[in-house]
Amino acid sequence: MKLQRNGRTKALAIGAMALVSSLSLAACGSDNNPAPTPSGSAAGSAAASKIDCGKGGNLLAAGSTAQGNAIDVWKAAFGSACSGTTITYGGGGSGAGVQQFNQGKIAFAGSDSALKPAEVEASKAVCKTGQGIDLPMVAGLVSIVYNVDGLDNLVLDGPTTAKIFDSQITKWNDPAIAKLNPGATLPDAPIQAIHRSDDSGTTANLTTYFSKAGGGAWTYDPSKTWKGKGGQAAAQSAGVSAQVKQVKNSISYVELSYAQTNNLKSAQIATGAAKPVEATAANAATTFANAKVAGTGADLALSLDYATKAEGAYPIVLVTYEIVCDKGNKPETLDALKSFLNYTISDAGQQAIGAKGYVPLPAELAAKVKAAVGALA
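What you are looking at is a predicted structure, and each value in this text was computed from that prediction instead of being measured.

## As for the overall build of the chain
So, point 1. Scanning the chain from N- to C-terminus turns up 14 helices and 13 strands.
So, point 2. Residues counted as buried form 54% of the 377 residues belonging to the chain.
So, point 3. Within the chain, counting contacts between residues at least 6 apart in sequence, those at least 24 apart form 77% of the total.
So, point 4. Counting every atom, the chain has about 15,200 Å² of accessible surface; 51% of that belongs to carbon and sulfur.

Now the structure itself:
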């Protein structure tokens, strides 16, 4: 996929990388330091007094668990400033969120993959005078997490990872893994591959990476529903993280935020660049700096380069979209919806979630999202 790069984009990438590098260092710390809680977020607390609360109301939402930690941070900051607004986010996974949105049960849904044409068509029954649109709000990356004693710097590539998750590679000391990890002590043990049991946008992003960078090893279409052979299953990001932590010789995929919170080791990815790329927010920011809008009209769905070979660009990235009606939102929740989303896309809102392993959106993209939120009706 050909992506545009100009001087301004490079400047955005450098700025974003500097920002997320400092935030990520604060988040990681040592294993003895607990991850900061939402109520303890200095950025969120400092921003609370600047939030435009609007008229208040009850706001129901559900969907992506990838953005769960980000939503917690935002709810804490927004709630401390806007006691007249109650925000309930049900999680449940991207597929469940989109389904509930199209049933008219929630004001917005979180989804780690953009709406499909059929889902947009279905949304018109709820958005009486408009349709569902994708607003990128939470940028992050998918970590390939693993639990293997004595293995601290695992390197994988697209084809090898795809084969692991499709049960084509079943032993940790397989020659393909050994070739990528010269000198490493790899156990002669079965690989315990764990995937999401629920329909998940994280799964959709991982399998898109397999399709683009797997060298033909992944023979299925990208999907929210897991299609690979074999393996174990666990529900949602929290369930997958807990399973990897408990099961020796296991491997799975979760957002960086969950990898950090659970002290899970993340594999480096060999992309064809000079050296393998670590799973860091700064390296994901390099990839996001080259993203471009693929949606039309008010829809801001992004085109991402999962097969990037750029130096320091982490390839397995994801964006959580907030799914809303461009027009036809319920009058009783519209004001609260716009107020909350205006905060989440603000500089303060984006910086606040950086300490949780997310990647603040590039300034030019954030400006487009702000304009789209302002136009919701």
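## Considerations on the state of the cysteines
So, point 1. A full pass over the atoms with the stated rule returns two disulfides.
So, point 2. Between the sulfur atoms of Cys53 and its disulfide mate Cys82 the distance is 2.0 Å. Disulfide Cys53 to Cys82: torsion about the S-S bond roughly -80°, handedness left-handed. Separated by 29 residues along the polypeptide, Cys53 in the loop between α2 (42-48) and β1 (57-63) and Cys82 in the loop between α3 (68-81) and β2 (85-92) bring together distant segments of the chain.
So, point 3. Taking relative accessible area as the criterion, Cys82 reaches 2% and is therefore assigned buried.
So, point 4. Linked covalently through their sulfurs, Cys127 and Cys325 form a disulfide whose S-S length is 1.9 Å.

## Concerning the environment of Ala285
So, point 1. Inspection of the secondary structure puts Ala285 in helix α11 (residues 281-288).
So, point 2. Take Ala285: its relative accessible area is 3%, and that puts it in the buried class.
So, point 3. Note: C-alpha distance between Ala285 and Ala139 (146 residues apart in sequence) is 8.6 Å.

## Description of the nonpolar core
So, point 1. Counting 95 residues, the largest nonpolar core has Trp74, Ile144, Phe165 and Ile251 as its most contacted members.
So, point 2. At nine residues, strand β4 (residues 132-147) tops the list of elements feeding residues into this core.
So, point 3. Those residues in contact with Trp74 that sit more than four places away from it in its chain are Gly79, Met137, Val138, Phe340, Tyr343, Thr344, Gly349, Gln350 and Ile353.
So, point 4. Of all hydrophobic cores here, the second largest spans nine residues; its members include Ala234, Val240, Val244 and Val254.

## Topic: helix α4 (residues 94-102)
So, point 1. Looking at α4, one finds that the buried residues are Ser94, Gly97, Val98, Phe101 and Asn102. One side of α4 holds all its buried residues, which, seen down the axis, span an arc of 125°.
So, point 2. The elements touched by buried residues of α4 are β1, β3 (108-111), α5 (117-123), β4, α8 (201-213) and β13 (317-325).
So, point 3. Backbone geometry just downstream of α4 places Gly104 in the positive-phi region, at approximately 75°.

## Some thoughts on the pairing of strand β6 (residues 192-196)
So, point 1. Along β6, four of the five residues are buried, which leaves the element largely enclosed by surrounding structure.
So, point 2. Direction of pairing for β6 relative to strand β7 (residues 232-234): parallel, over a ladder of three bridges. Its bridge partner being in β7, Arg196 is matched across the sheet by Ala234.
So, point 3. With α8 bridging β6 and its parallel neighbour β7, the resulting β-α-β unit is right-handed.

## Quick word on the packing of aromatic side chains
Aromatic rings in a pair are described by how distant their centres are and how their planes are angled relative to each other.
So, point 1. Taken as a whole and assessed by the stated rule, the structure comprises eleven aromatic pairs.
So, point 2. Between the aromatic rings of Tyr209 and Phe210, the centroid separation amounts to 6.0 Å while the plane-to-plane angle is 45°, which identifies the pairing as tilted. The pair formed by Tyr209 and Phe210 is uniform in burial state, with each residue classed as buried.
So, point 3. Site record: aromatic cluster; members linked through ring pairs are Phe165, Tyr209, Phe210, Trp218, Tyr220, Trp226 and Tyr253.

## Quick look at the packing of α3 against helix α12 (residues 331-344)
So, point 1. Between α3 and α12, the least distance of the axes is 11 Å, while the angle of their chain directions is 115°. Between α3 and α12 lies a crossing of right-handed hand. Residues Trp74, Ala77 and Phe78 of α3 form the contact with α12, whose own contacting residues are Ser339, Phe340, Tyr343 and Thr344.
So, point 2. Residues that form the contact of α3 with α12 fall into these classes: five nonpolar, two polar and no charged.

Conventions used here
- Residues numbered from 1 in each chain as written.
- Predicted model: local features only at pLDDT ≥ 70, side-chain atom pairs only at ≥ 80, totals over all residues.
- Heavy atoms only, no water.
- Helix = DSSP H or I, 4+ residues; strand = E, 2+ residues; numbered from the N terminus.
- Buried < 20%, exposed > 50% of the residue type's maximum accessible area, 1.4 Å probe, protein only.
- Contact = heavy atoms within 4.5 Å.
- Areas by Shrake-Rupley, 256 points an atom, 1.4 Å probe, with all protein chains shown as cover.
- Disulfide = S-S within 2.5 Å.
- Core = buried A, V, L, I, M, F, W, Y, C linked by side-chain atoms within 4.5 Å.
- Arc of directions from axis to C-beta.
- Pairing = 2+ DSSP bridges.
- Right-handed = clockwise from strand over helix to strand, strands pointing away.
- Phe/Tyr/Trp six-rings, centres within 6.5 Å; stacked < 30°, edge-to-face > 60°.
- Axes fitted to C-alpha atoms, helices over the stretch in contact; angles between N-to-C directions.
- Left-handed = near helix turned anticlockwise from the far one by under 90°.
- Nonpolar A, V, L, I, M, F, W, Y, C, P; charged D, E, K, R; others polar.

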